[in-house]
Amino acid sequence: MDRYNVAARLVRSRMAELPWSAATHLAYSDGLREAAVRVLDRQLDLTLGRRATRSTLMTDPVYPALTWERVMLFRAVLGTLNRSVGERVVSPHALSVTTRLWTTALLRASAAGADGDFRRTYGCAPPWFLVISPGQECNLRCPGCYANSGARGGKLPWSVLDRIITEAKSLWGLPVVVYSGGEPLAYESEGRGILDIAEKHPDVLSLFFTNGTLLDEETAQRLGRIGSLTPCLSLEGMREATDRQRGAGTFNKVRKAMSLLREAGIHFGVSLTATRHNYQELLSDSFLDFLFKDQGAFYGFVFMYMPVGRNVDVDLMPTPEQRLAIWRRTWDVIVRKQYFLFDFWNHAPLVHGCLAAGRPAGYFHIDWDGRVTPCVFAPYAGANVMDVFAAGGNLNDVWQAPFFEEIRRWQREHAKQAESCASPRNWLTSCLVRDHYADFRGCIDRNDPEPEDAAARAALDDDTYAAAMDAYDEDLRALTVPLCDAVYSRSPGHGASL
């Protein structure tokens, strides 16, 4: 029997029954793994009906563009995983842990499980993940930092951080936690930090965004033993661009951190902040090849600069034309190079729009002072978890805050209009803050949430800032309405085309 048939039999009838350790062992058998990848690749072709390209979608009404995009992204994940295991960048232990946790997370996202009580009570699914910034402290002081982090700042007590995650698991069946900051590796409370919280909750898949400069050999080896906590290292480009933004010598320190993570066999990713000036370098073949091929990055997140935090500058945002160029380029990279790259604004169609304010399968952000904001980049708190806990409440009380409920209503209305693609509210303009600033200001005016810092408060009184955001939104809608109609319309003959 040839390798393809052996792999097919394992994948279709036996793999699901094998212990995770045994399945991982098979993944490190190069012949079986590569044959299994071919099986899955053929199954993806069957999902599409045939091997598709962007050009064929223009005239083929058989499947919608979103199906094509999801298949292409999954194919990129599969290709990245195959490379990582084949080059032994990830250890068997880390692969076993993350595969098990991701499988659990995806199953929870698609079916009622530990979150059944929430669904019965509120009539919808709960949030799927939390982003927690446990401390504002950071050893760097980068211009434009969304959190205005520095040498000092607030921090959540470790016991409160532990309670948040424990409650989120019991009330929502929460499978994923993301740590931001400040610098998460600088956080310490009650003698413990984020690695300790990951060890306390091994059933949660965790990710933390880090500048990489505090990641030493001991930390990397401990991450390798934990297996469930993956670091995402921030870069602005190659050495010149990164050091200009983050300080001299930062690029070399990040590169050293990536080397330590490879040696420890832990999955790691990269966080790329795109501005009007650096987006071409960030998405160039040479830079992405350096990250994914040379350094062994498993995933990459693209964050377009948001004018919040320190030294707000609306002119740093990629222009609407550049934003669509980034959209085209990311899909080119995903399809052609099979790099797992996700753009949190341009790929909103994949997740049906904005994920903020605790929407079903979405998230909340909790900062170092316990303030709960709808999004990392929406620095206005509709509740404070410390106050809620002190009053005898829980995370469900946070979820019910009027500010968040109004945003979720806006999201539902946006989704209805985006389905038609003819409306100014379309899948490519899903961000309430960046793409519909006037609507966001209305939510703020009606609910009076607490600004996270002085810069967030000042933005509410800055007419020039509001005018610039509104003008951006108008220009973006003018470009995206016809494009969205051509790409995501359900009408026969429409499809995604670059």
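Definitions and limits used
Residues numbered from 1 in each chain as written. Predicted model: local features only at pLDDT ≥ 70, side-chain atom pairs only at ≥ 80, totals over all residues. Heavy atoms only, no water. Helix = DSSP H or I, 4+ residues; strand = E, 2+ residues; numbered from the N terminus. Buried < 20%, exposed > 50% of the residue type's maximum accessible area, 1.4 Å probe, protein only. Contact = heavy atoms within 4.5 Å. Areas by Shrake-Rupley, 256 points an atom, 1.4 Å probe, with all protein chains shown as cover. pLDDT = per-residue confidence, 0-100. Salt bridge = Lys/Arg side-chain N within 4 Å of Asp/Glu carboxyl O. Expected span 1.5 Å × (residues − 1). Bend = angle between axes of the 7 residues up to and from the residue. Polar contact = N/O pair within 3.5 Å; in protein donor to acceptor, adjacent residues only side chain to side chain. Pairing = 2+ DSSP bridges. Axes fitted to C-alpha atoms, helices over the stretch in contact; angles between N-to-C directions. Left-handed = near helix turned anticlockwise from the far one by under 90°. Nonpolar A, V, L, I, M, F, W, Y, C, P; charged D, E, K, R; others polar. Phe/Tyr/Trp six-rings, centres within 6.5 Å; stacked < 30°, edge-to-face > 60°. Lys NZ or Arg CZ within 6 Å of the ring centre and 35° of its normal. Right-handed = clockwise from strand over helix to strand, strands pointing away.

J.: Give a detailed account of the overall build of the protein, specifying residues and quantitative values.
T.: Helix and strand content of the protein: 22 helices and 12 strands. When each of the 498 residues of the protein is scored for burial, the buried share is 59%. Counted over contacts in the protein with a minimum sequence separation of 6, partners at least 24 positions apart contribute 72%. Summed over all atoms, the accessible surface of the protein reaches about 20,200 Å², with 53% contributed by carbon and sulfur.

J.: An account of the confidence of the model for the protein is requested, with residue identities and associated values reported.
T.: In regions of low pLDDT, the predicted coordinates are not meant to be interpreted in detail. When the pLDDT values of the protein are averaged, the result is 87; 88% of them are 70 or greater. Between residues 1–18, whose pLDDT stays under 50, and residues either more than four places distant or in other chains, the model counts 28 contacts. For the stretch residues 491–498, pLDDT sits under 50, and the model shows 27 contacts to residues farther than four places along the chain or on other chains.

J.: Summarise the pattern of salt bridges; cite the residues concerned and give the values.
T.: If you walk through the whole model with that rule in mind, you get 27 salt bridges. Between Arg-88 and Asp-30 there is a salt bridge whose closest N-O contact spans 3.2 Å. One end of the pair, Arg-88, is in the loop between α5 (65–86) and α6 (92–110); the other, Asp-30, is in helix α3 (residues 30–48), with 58 residues separating them in the sequence. The exposure class of Arg-88 is partly exposed, given its relative accessible area of 39%. In this structure, the salt-bridge partner of Asp-289 is Lys-337, at a minimum N-O distance of 3.0 Å.

J.: Outline helix α22 (residues 463–488), listing residues and values.
T.: The first and last C-alpha atoms of α22 sit 35 Å apart over 26 residues, in line with the 38 Å expected at 1.5 Å per residue. The largest bend along α22 measures about 30° and falls at Thr-480, with the proline Pro-482 one to four residues further on. Of all the positions in α22, only Tyr-465, Ala-466, Met-469, Tyr-472, Asp-473, Leu-476, Thr-480, Leu-483, Cys-484, Val-487 and Tyr-488 are classed as buried. Residues of α22 that are buried make contact with α5, α15 (320–337), α19 (432–435), α20 (437–447) and α21 (454–460). Where α22 starts, the residue carrying a side-chain oxygen 3.0 Å from the main-chain nitrogen of Thr-464 turns out to be Asp-462.

J.: Give a detailed account of the sheet that holds strand β1 (residues 129–132), specifying residues and quantitative values.
T.: Taken in spatial order, the 10 strands of this open sheet run β7-β6-β5-β4-β3-β2-β1-β8-β9-β11, and their pairing is mixed. Whereas interior strands pair on both sides, the edge strands pair on one side only; in this sheet they are β7 (341–343) and β11 (383–384). Here strand β8 (residues 363–366) pairs with strand β9 (residues 371–373) via two bridges, running antiparallel. Among the inter-strand pairings, His-365 is bridged to a residue of β9, identified as Thr-373.

J.: Would you mind going over the packing of helix α10 (residues 217–226) against helix α12 (residues 250–264) in detail, with residue names and values included?
T.: When two helices pack together, you describe them by how their axes are tilted relative to each other and by the distance separating the axes. Direction vectors running N to C along α10 and α12 enclose 35°, while the axes themselves pass 8 Å from each other. The crossing of α10 and α12 is right-handed. Between α10, through Glu-217, Ala-220, Gln-221, Leu-223 and Gly-224, and α12, the contact on the second element is made entirely by Leu-260, Leu-261 and Ala-264. Tallied by class, the residues present in the contact of α10 with α12 amount to five nonpolar, two polar and one charged.

J.: Break down the packing of aromatic side chains for me, citing the residues and quoting the values.
T.: This structure, assessed with the given rule, holds 28 aromatic pairs. When the centroid spacing of 5.0 Å and the interplanar angle of 80° are considered together, the rings of Phe-118 and Trp-399 count as edge-to-face. Residue Phe-118 is located in helix α7 (residues 116–122), and its partner Trp-399 is located in helix α17 (residues 395–399); the two are separated by 281 residues in the primary sequence. The same class applies to Phe-118 and to Trp-399, which are both buried. Seen from their ring centres, Tyr-299 and Phe-301 are 5.1 Å apart, and the 40° between their planes marks the pair as tilted. Through successive ring pairs, a cluster of aromatic residues spans Tyr-146, Phe-209, Tyr-299, Phe-301, Phe-303, Phe-342, Phe-344, Trp-345 and Phe-377. In this structure, Arg-163 is placed above the aromatic ring of Phe-389, and the distance from its NZ or CZ to the ring centre is 3.7 Å. Lying across the ring of Trp-399, Arg-408 places its NZ or CZ 3.8 Å from the centre.

J.: Lay out the pairing of strand β2 (residues 176–179) in plain terms, naming residues and giving numbers.
T.: For a regular strand, side chains alternate in direction, first toward one face of the sheet and then toward the other. Of the two faces of β2, the one carrying Val-176 and Val-178 and the one carrying Val-177 and Tyr-179 are both buried. Pairing analysis gives four bridges linking β1 to β2, with the strands arranged parallel. Considered in β2, the bridge of Ile-132 is made with Tyr-179. With respect to chirality, the unit in which β1 leads through helix α8 (residues 158–172) into the neighbouring parallel β2 is right-handed. Where β2 and strand β3 (residues 205–210) come together, four bridges link them in parallel fashion. Paired with Val-178 across the bridge in β3 is Leu-207. Crossover connection from β2 via helix α9 (residues 194–200) to parallel β3: handedness right-handed.

J.: Give a description of the side chain of Asp-343 that names residues and reports values.
T.: Its location among the elements puts Asp-343 in strand β7. Residue contacts for Asp-343: discarding those within four places in its chain leaves Val-302, Met-304, Ile-326 and Thr-330.

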